[in-house]
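Residue strings, one per chain:
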Amino acid sequence: MRLSRFYLPTLKETPKEAEIASHRLMLRAGMIRQSSAGIYSWLPLGFRVLRRIEQIVREEQDRAGAQEMLMPTIQPAEIWRESGRYDDYGPEMLRITDRHERELLYGPTNEEMITEIFAATARSYRDLPKMLYHIQWKFRDEVRPRFGVMRGREFLMKDCYSFDLDYEGAVRSYNKMFVSYLRTFARMGLKAIPMEADTGPIGGDLSHEFIVLAPTGESAVFCDRNCLDIDVLSEDIDYGDDGALAAIINRFTTLYARTEEKHDTAAFESRVAKDRRYEGRGIEVGQVFYFGTKYSKPMGAEVIGPDGQPATVEMGSYGIGVSRLVGAIIEASHDDAGIIWPDAVAPFDAEIINLRPGDEACDAACMEAYARLGAAGRDVLYDDRDERPGVKFADADLIGIPWRLVIGPRGIKDGKVELKRRDGTVADEVALSAALDRLATAPRG
Ligand code: ATP
Ligand code: MG
């Protein structure tokens, strides 16, 4: 993509309404535009990132054995009356009436809808287990939408639902999702720590929130810093191996990590050495939840069990804040000049900066680089604009593409270009061909 043609409405001034770095940077980098409070349009640069995040989530859900589907955003009030949540949900739910005076709502979550589908279609224990998910926009009329896409009113969520015959089966599904979450966030370059979370009135200890530690986070959390050192990507995971899943989960759950609601100061202090204690804030990027028959019972989701008797299915639900993740990643990875995208979610793999458009040698070298990297399957942004180098560098820092290839008249006379990483790990003067070899084969995360 040539930057001269790309729709990238960057801002020079820091928008006043933005209180935290990710919100400021997303607005300044032309990733989003607010439509009304907590509701955003995703401009091309932002949408590219959103799609890459969504794709990682999808791949890891599929790998864990979940199946993708798509449910509507608009739901009938009736199914929420069946579960008993229509009145409980309160003003966060956007309620709508259609021309026939039928009561509808914009879905804040989909437990009722998936349970209704399952209740109407599942017959026998042979239909179990199942894990079904979709990635769909939700609406919650938050009292205080803020921090840009972090706490929006309309936001993109991946929500998965599991159906099992009994408690043991439900735990197995829970564990699969738990491990798939570890992999999902790690692939995005995030350290998301599973923390024991409140299960509300249903009780039980089966809920974890996945939290990215960040001073701007909205959740108060307490954990052992050793959680940050556990590697979850280096080994291949067999989702059919219950023992292996439990072993990975144990590495985390044996360490203290709890949200405020579950925090116990005495236990924290006795289990975690002083220098390893993290007491601070975090961003909830996902949650896994076992809730048994809370919805399946009132909504009649039963199957005929192996004994010939009807059995109410055991369920869990598993959410990931896909759009919130864009903000969370920026909170975790930026500097004063702008965003520093991890390779796996970057809007482009590399940016070519032409320091003197119109100069024959510069233009030719840039076009060669652009063509070669494109042929190697790389997404490249080519800054061919007629702008001063300072402007180009500032924009490149702001939008944060991982690799940068700078081509200028002085270097190109000797066949040399500058190859840099936005994260500061590489800054080399090299031959153009060497730079291209390196970029064409660099890991995409
Ligand atoms: P929170 O405590 O932040 O309000 P929640 O616990 O109510 O979130 P869940 O129902 O668990 O949210 O939703 C699953 C995921 O969706 C959350 O872990 C979070 O990442 C994301 N999410 C929830 N509310 C919002 C929102 N208003 N804007 C953006 N993402 C959200
Ligand atoms: Mg939650």
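Because the structure is a prediction, the values reported are computed rather than measured.

How each quantity is defined
- Position numbers for residues count from 1 along each chain, tracking the sequence in the order it is written.
- To read the labels, note that chains go from A and ligands from 1, taken in the order they are written.
- In keeping with the model being predicted, local features are shown solely for residues with a pLDDT of at least 70 and side-chain atom pairs are shown and tallied solely at 80 or more, while totals for entire chains, interfaces and linings include all residues.
- Side-chain measures were taken over the full set of non-hydrogen atoms in the model, leaving aside hydrogen atoms and water.
- Buried means the residue's accessible area, taken with a 1.4 Å probe over protein chains only, is under 20% of the maximum for its type, while exposed means over 50%, and partly exposed covers the values in between.
- By definition, any uninterrupted DSSP run of H or I lasting at least four residues is a helix, any uninterrupted run of E lasting at least two residues is a strand, and each is numbered from the N terminus.
- It only takes one pair of heavy atoms within 4.5 Å for two residues to be counted as in contact.
- Residues are labelled near a given molecule or strand when at least one of their non-hydrogen atoms is within 4 Å of it.
- Each polar contact in these results corresponds to two N or O atoms within 3.5 Å; when the atoms are within protein, one needs to be able to donate a hydrogen and the other to accept it, and residues that are neighboring in sequence are counted only if both atoms are side-chain atoms.
- The Shrake-Rupley method, run with a 1.4 Å probe sphere, supplies the accessible areas, and residue values consider only the shown protein chains as cover.
- Note that Gly is not counted as nonpolar here; it falls among the polar residues with everything else outside the nonpolar set of Ala, Val, Leu, Ile, Met, Phe, Trp, Tyr, Cys and Pro and the charged set of Asp, Glu, Lys and Arg.
- Two strands are counted as paired when DSSP detects at least two bridges linking them.
- Where helices are involved, their axes are fitted lines through C-alpha atoms of the stretch in contact, as for all axes, and angles between N-to-C directions lie from 0 to 180°.
- For Na, K and Ca the donor cut-off is 3.2 Å, and for all other metals it is 2.8 Å, counting N, O and S atoms only; because water is absent from this set, sites may look incomplete.
- Working definition: rings of Phe, Tyr and Trp (its six-membered ring) pair if their centres are within 6.5 Å, and the pair is stacked with planes under 30 degrees apart, edge-to-face with planes over 60 apart, and tilted otherwise.
- Each residue after the first adds 1.5 Å to the expected span of a helix.
- Our arc is simply the arc of the directions from the helix axis toward the C-beta atoms.
- The term salt bridge refers to a side-chain nitrogen of Lys or Arg lying within 4 Å of a carboxyl oxygen of Asp or Glu.
- Among buried residues, those of type Ala, Val, Leu, Ile, Met, Phe, Trp, Tyr and Cys that are joined through side-chain atoms within 4.5 Å constitute a nonpolar core.
- Note that domain bounds follow an automatic or database assignment of domains.

Visitor: Where do I start with helix α1 (residues 21-28) in this structure?
Guide: Given 3.6 residues to a turn, an α-helix orients residues that are three or four positions apart in the same direction. For α1, a buried count of 7 out of 8 residues is recorded, marking the element as mostly surrounded by other parts of the structure. Among the residues making up α1, those that are buried are Ala21, Ser22, His23, Leu25, Met26, Leu27 and Arg28. The elements touched by buried residues of α1 are β1 (32-36), β2 (39-42), α9 (322-332), β17 (334-335), β18 (338-339) and α11 (389-399). At the exit of α1 stands Gly30, carrying a positive phi of roughly 65°.

Visitor: Any chance you could explain the site of ligand 1 here in plain terms?
Guide: Taken together, 14 residues are adjacent to ligand 1, and Arg140, Glu142, Arg151, Gly152 and Glu284 come closest. Within the side chain of Gln287, one N or O atom sits 3.1 Å away from an oxygen atom of ligand 1. In the complex, 80% of the free accessible area of ligand 1, which totals 580 Å², lies under the protein chains. When residues of the shell around ligand 1 are traced back to their parent elements, those giving at least two are β8 (154-164) and β13 (277-292). Top contributing element to the shell around ligand 1 by residue count: β13, with 4 residues. Looking at the shell around ligand 1 residue by residue, the class counts come to 5 nonpolar, 4 polar and 5 charged.

Visitor: For this particular structure, what's the right way to read the sheet that holds strand β21 (residues 403-407)?
Guide: For sheets, the rule is that strands pair by backbone hydrogen bonds, running either parallel or antiparallel. An order of β20-β19-β21-β22-β23 is seen for the 5 strands of this open sheet, with the pairing classed as mixed. Looking at which strands have only one partner, the edges of the open sheet turn out to be β20 (380-383) and β23 (427-431). Neighbouring strand axes in the sheet, compared pairwise and without regard to direction, differ in orientation by 20° on average. Two strands pair when backbone bridges link them, and strand β19 (residues 350-354) and β21 are joined in this way by 5 bridges, in the parallel orientation. By the bridge assignment for β21, Ile353 is matched with Val406. Sitting on the sheet, helix α13 (residues 432-441) touches β19, β21, β22 (416-421) and β23, and the angle it makes with β23 is about 120°.

Visitor: Explanation requested: the sheet that holds strand β4 (residues 74-76) in the structure shown.
Guide: One open sheet accounts for 3 strands, arranged β4-β6-β5; its pairing is antiparallel. The open sheet terminates on both sides in strands that have one partner only, identified here as β4 and β5 (94-97). Here the strands of the sheet are splayed against their neighbours by 35° on average, with no regard to which way each runs. Here 4 bridges tie β5 to strand β6 (residues 103-106), and the two strands are oriented antiparallel to one another. Counterpart to Thr97 in the pairing with β6 is Glu103.

Visitor: Sorry, what's going on with the coordination of the magnesium ion (ligand 2) here?
Guide: Reference values for coordination geometry: four tetrahedral donors around a metal ideally subtend 109.5 degrees, six octahedral donors ideally subtend 90 or 180 degrees. Protein coordination at the magnesium ion (ligand 2): the donors are Glu284 (OE) and Gln287 (OE1), at 2.0 to 2.2 Å from the metal. Residue class for Glu284 comes out partly exposed when judged on its relative accessible area of 23%.

Visitor: What is the right way to read the packing of aromatic side chains from this model?
Guide: To describe a pair of aromatic rings, one takes the distance between the centres and the angle between the planes. This model, assessed by the stated rule, comprises 16 aromatic pairs. Taken together, a centroid distance of 5.4 Å and an interplanar angle of 70° make the contact between Phe178 and Phe210 edge-to-face. Within this pair, whereas Phe178 is found in helix α6 (residues 167-187), its partner Phe210 is found in strand β10 (residues 207-213), the two being separated by 32 residues in sequence. Its relative accessible area of 0% is what places Phe178 among the buried residues. Owing to a relative accessible area of 0%, Phe210 belongs among the buried residues under this scheme.

Visitor: Got a minute to help me understand helix α7 (residues 242-253) in this structure?
Guide: If you check α7, its first and last C-alpha atoms are 16 Å apart, about what 12 residues at 1.5 Å a residue would give, namely 16 Å. When α7 is considered as a whole, its buried residues turn out to be Leu245, Ile248, Ile249 and Phe252. On an axial view of α7, the arc spanned by its buried residues comes to 95°, and they lie on one face. In this structure, the buried residues of α7 make contact with α6 and β9 (192-196). Its side-chain oxygen 3.2 Å from the backbone nitrogen of Gly243, Asp241 forms the N-cap of α7.

Visitor: Whenever I open this one, the pattern of salt bridges confuses me. Can you help?
Guide: Side chains that differ in charge, positive against negative, can pair when their charged atoms come close. Per the stated rule, a full pass over the model turns up 33 salt bridges. Taking the shortest distance from any N to any O, the salt bridge between Glu60 and Arg187 comes out at 2.8 Å. Remark: Arg187 occurs in helix α6 and Glu60 occurs in helix α2 (residues 44-63); sequence separation between them is 127 residues. By relative accessible area, Arg187 is classed as partly exposed at 22%. Here Arg151 makes a salt bridge to Glu218, at a shortest N to O gap of 2.9 Å. Here Arg151 is found in the loop between β7 (130-139) and β8, whereas its partner Glu218 is found in the loop between β10 and β11 (219-224), with 67 residues between them in sequence. Overall, the relative accessible area of 28% leaves Glu218 in the partly exposed class. Residues participating in the shared-partner salt-bridge network are Glu59, Glu60, Arg63, Arg183 and Arg187.

Visitor: Please clarify how the nonpolar core should be interpreted in this entry.
Guide: Nonpolar side chains in soluble globular proteins tend to end up buried together. One finds Met31, Val326 and Trp341 to be the most contacted residues of the largest nonpolar core, which totals 85 residues. The leading source of residues in this core is α6, at 9 residues. When residues of this core are assigned to domains, at least three map to each of domain 1 (21-339) and domain 2 (348-441). Excluding residues within four positions of it along the chain, Val326 makes contact with Met26, Met31, Trp42, Val49, Leu50, Ile53 and Trp341. Counting 23 residues, the second largest nonpolar core, distinct from the first, contains Ile79, Met93, Ala122 and Val303.

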